[in-house]
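Here's the letter readout for the chains.
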Amino acid sequence: MSDELLKQHRDAIDAIDAQVLDLLNQRASHAREIGEIKGGGVIYRPEREAEVLRRIQSINRGPLPDESVARLFREIMSECLALEKPLSIAYLGPEGTFSQLAATKHFGHAARTVACSSIDEAFRLVEARTHDYVVAPVENSTEGAVGRTLDLMVTTPLKICGEVVLRIHHHLLRKVPGMDGIRRVYSHAQSLAQCHEWLNRQLPDGVERVSVASNAEAARLASLDETACAIAGQAAAERFALVKLAENIEDEPNNTTRFLVLGYQDVAPTGKDRTSVIVSAPNRPGAVHELVEPIARYGVSMTKFESRPSKAGLWDYVFFIDMEGHVKDAPLADALAALRSRASYVKLLGAYPQAVI
Ligand SMILES: O=C(O)C(=O)C[C@]1(C(=O)O)C=C[C@@H](O)C=C1
């Protein structure tokens, strides 16, 4: 390529950057004005953010892919929102966990993420309004439900106002290169399970598998001990300066975790939403079937049905149901009304936009 041609393109980029910068600041000024209009009210508006991201994808003409433009606008909105009010997001720490990655994916880098020592603590701090939102894992495509999050949903006054879907890649990490002299591997129990087959095949005999509170904690422990390694993600590898002995060791190539975003707010419909409820059925034959029958009858798509012991009595269960649609829109509103008349208990956990990116 000739130097002259290169210069022409770079000059064009400089001119465009100046326009982009000006437009970004114009956008930010509008967001700040909107913040004034909201007064002390709720600043973060998940329904509007989903609408902005979906619209951007629908009008995108490339060459940037839809996912890339959505990511860029995710960050732009994050900075605009921070001008209105900086948000603080509680997650299961320490720094470098997938929960932190999920929080940043959803709220962008301008939100402050706050590491908590347990999912319980993260919920408590948001319930006490010390932080604005909690991001908590709820299910993994390989390992199923995250029981502790489901149990907390039964009693929390918080509402679900969003969801985050995160592809999970696990790496085998160590302070020094090579597999020689490894005595133990640390990780969260779910990650050990998600890499079970790979570990069986690749780890030398006699290596102990030790489950710890989080993958980031596993990485921290491995950074202190050359005879140990950890299973964790990229963020933890970088944070603790560990060597990647093997990449993407998860047994299931589409390994994905879904997280919920909870706070004190209801979210308006966007046209592509999900509604989550907890229900329990009277303890008699056919009760569960009767309970879910209206969901099928009204043509509502049920995307999750999960049972958990209710802790109220032996063999007594509550059911976590996710449905496509918003509680304020037909046909879900009708299906839920019918379900309420049959259930012994119903708790609406929230209606929120389906994940966009
Ligand atoms: O539309 C709003 O309510 C805004 O505050 C603006 C904006 C944005 O940057 O587009 C920022 C934060 C909200 O969560 C939603 C959208």
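Residues numbered from 1 in each chain as written. Predicted model: local features only at pLDDT ≥ 70, side-chain atom pairs only at ≥ 80, totals over all residues. Heavy atoms only, no water.

Peer 1: Let's hear about the overall build of the protein chain: which residues, and what values?
Peer 2: On a plain count of helices and strands, the protein chain comes out with 12 helices and 15 strands. Across its three principal directions, the C-alpha atoms of the protein chain cover 80 × 60 × 40 Å. Counting only residues that meet the buried cut, the protein chain has 46% of its 357 residues in that class. A total accessible area of about 17,900 Å² is found for the protein chain, and carbon and sulfur atoms account for 52% of it. Taking the average location of the 41 positive side-chain charges in the protein chain and that of its 47 negative ones, the two points are 4 Å from each other. (Helix = DSSP H or I, 4+ residues; strand = E, 2+ residues; numbered from the N terminus. Buried < 20%, exposed > 50% of the residue type's maximum accessible area, 1.4 Å probe, protein only. Areas by Shrake-Rupley, 256 points an atom, 1.4 Å probe, with all protein chains shown as cover. Lys, Arg positive; Asp, Glu negative; His and termini not counted. Charge placed at Lys NZ, Arg CZ, Asp CG, Glu CD.)

Peer 1: So what's going on with the packing of aromatic side chains? Residues and values would help.
Peer 2: For any pair of aromatic rings, geometry is given as the distance between the ring centres together with the angle between the planes. Inspection of every chain in the model, using the stated rule, returns four aromatic pairs. Taken together, a centroid distance of 4.9 Å and an interplanar angle of 50° make the contact between Tyr44 and Phe107 tilted. One end of the pair, Tyr44, is in the loop between α1 (3-38) and α2 (46-59); the other, Phe107, is in helix α4 (residues 98-107), with 63 residues separating them in the sequence. Its relative accessible area of 2% is what places Tyr44 among the buried residues. Among the residues examined, Phe107 registers a relative accessible area of 4% and is labelled buried. Each member of the aromatic cluster is reached from another via a ring pair, and the members are Tyr44, Phe107 and Tyr133. Positioned above the aromatic ring of Tyr264, the side-chain terminus of Arg129 is 3.8 Å from the ring centre. (Phe/Tyr/Trp six-rings, centres within 6.5 Å; stacked < 30°, edge-to-face > 60°. Lys NZ or Arg CZ within 6 Å of the ring centre and 35° of its normal.)

Peer 1: Give me the lowdown on the pairing of strand β2 (residues 112-116), citing residues and values where you can.
Peer 2: Both strand β1 (residues 88-92) and β2 contribute to a ladder of five bridges, which runs parallel. Considered in β2, the bridge of Ser88 is made with Arg112. A crossover connection joins β1 to the parallel β2 through α4; in handedness this β-α-β unit is right-handed. (Pairing = 2+ DSSP bridges. Right-handed = clockwise from strand over helix to strand, strands pointing away.)

Peer 1: Tell me about the nonpolar core, and please be specific about residues and values.
Peer 2: Formed by 23 residues in total, the largest nonpolar core has its most connected members in Phe123, Val134, Met153 and Leu262. Elements with a contribution of two residues or more to this core: β1, α5 (119-127), β3 (133-140), α6 (147-155), β11 (256-263), β14 (317-324) and β15 (345-353). Looking at this core, the element that brings in the most residues is α5, giving four residues. No fewer than three residues from each of domain 2 (88-168 + 256-263) and domain 4 (273-353) sit in this core. In this structure Phe123 touches Val134, Ala136, Thr149, Leu152, Met153, Thr156, Leu158 and Leu262, once residues within four positions along its chain are discounted. Listed in part, the 19 residues of the second largest apolar core include Ile43, Ala102, Ala103 and Val135. (Core = buried A, V, L, I, M, F, W, Y, C linked by side-chain atoms within 4.5 Å. Domains from an automatic or database assignment. Contact = heavy atoms within 4.5 Å.)

Peer 1: So what's going on with the packing of α5 against α6? Residues and values would help.
Peer 2: The geometry of α5 relative to α6 is characterised by a closest axis approach of 10 Å and an angle of 30° between their N-to-C directions. With respect to α6, the axis of α5 lies roughly parallel. Judged by the sense of rotation from one axis to the other, the crossing of α5 with α6 is right-handed. Between α5 and α6, the residues in contact are Ile119, Asp120 and Phe123 and Arg148, Thr149, Leu152 and Met153, respectively. (Axes fitted to C-alpha atoms, helices over the stretch in contact; angles between N-to-C directions. Parallel < 35°, antiparallel > 145°, perpendicular 65-115°, else oblique. Left-handed = near helix turned anticlockwise from the far one by under 90°.)

Peer 1: Could you give an account of the environment of Gly325, naming the residues involved and the relevant values?
Peer 2: The topology assignment puts Gly325 in the loop between β14 and α12 (332-342). Each C-alpha atom, one on Gly325 and one on Pro269, is 8.3 Å from the other, the two residues being 56 residues apart in sequence. With residues up to four places along the chain from it excluded, the contact list for Gly325 reads Asp273, Arg274, Thr275 and Leu332.

Peer 1: Can you lay out the site of the ligand for me, pointing to particular residues and giving the numbers?
Peer 2: Near the ligand, the surroundings consist of Arg27, Ile34, Lys38, Ile43, Tyr44, Arg45, Arg48, Glu49, Met77, Cys80, Leu81 and Glu84. Between the ligand and the protein, one listed contact pairs an oxygen atom with a side-chain N or O atom of Lys38 at 2.7 Å. In the environment of the ligand, an oxygen atom lies 2.6 Å from a nitrogen or oxygen atom belonging to the side chain of Glu49. Taking 360 Å² as the accessible area of the ligand by itself, protein coverage stands at 92%. When contributions to the shell around the ligand are tallied by element, the ones reaching two or more residues are α1, α2 and α3 (66-84). Tallying contributions element by element places α3 first for the shell around the ligand, with four residues. Of the residues contributing to the shell around the ligand, the split by class is six nonpolar, no polar and six charged. (Near = heavy atom within 4 Å. Polar contact = N/O pair within 3.5 Å; in protein donor to acceptor, adjacent residues only side chain to side chain. Nonpolar A, V, L, I, M, F, W, Y, C, P; charged D, E, K, R; others polar.)

Peer 1: Break down the sheet that holds strand β9 (residues 228-232) for me, citing the residues and quoting the values.
Peer 2: Within a beta sheet, neighbouring strands are joined by backbone hydrogen bonds and run either parallel or antiparallel to one another. Strand order across the open sheet formed by five strands is β8-β7-β9-β6-β10, with mixed pairing between neighbours. Whereas interior strands pair on both sides, the edge strands pair on one side only; in this sheet they are β8 (208-211) and β10 (243-246). The average angle at which neighbouring strand axes cross in this sheet is 35°, direction not considered. The sheet contact formed by strand β6 (residues 171-174) and β9 spans four bridges and is antiparallel. By the bridge assignment for β9, Leu172 is matched with Ile231.

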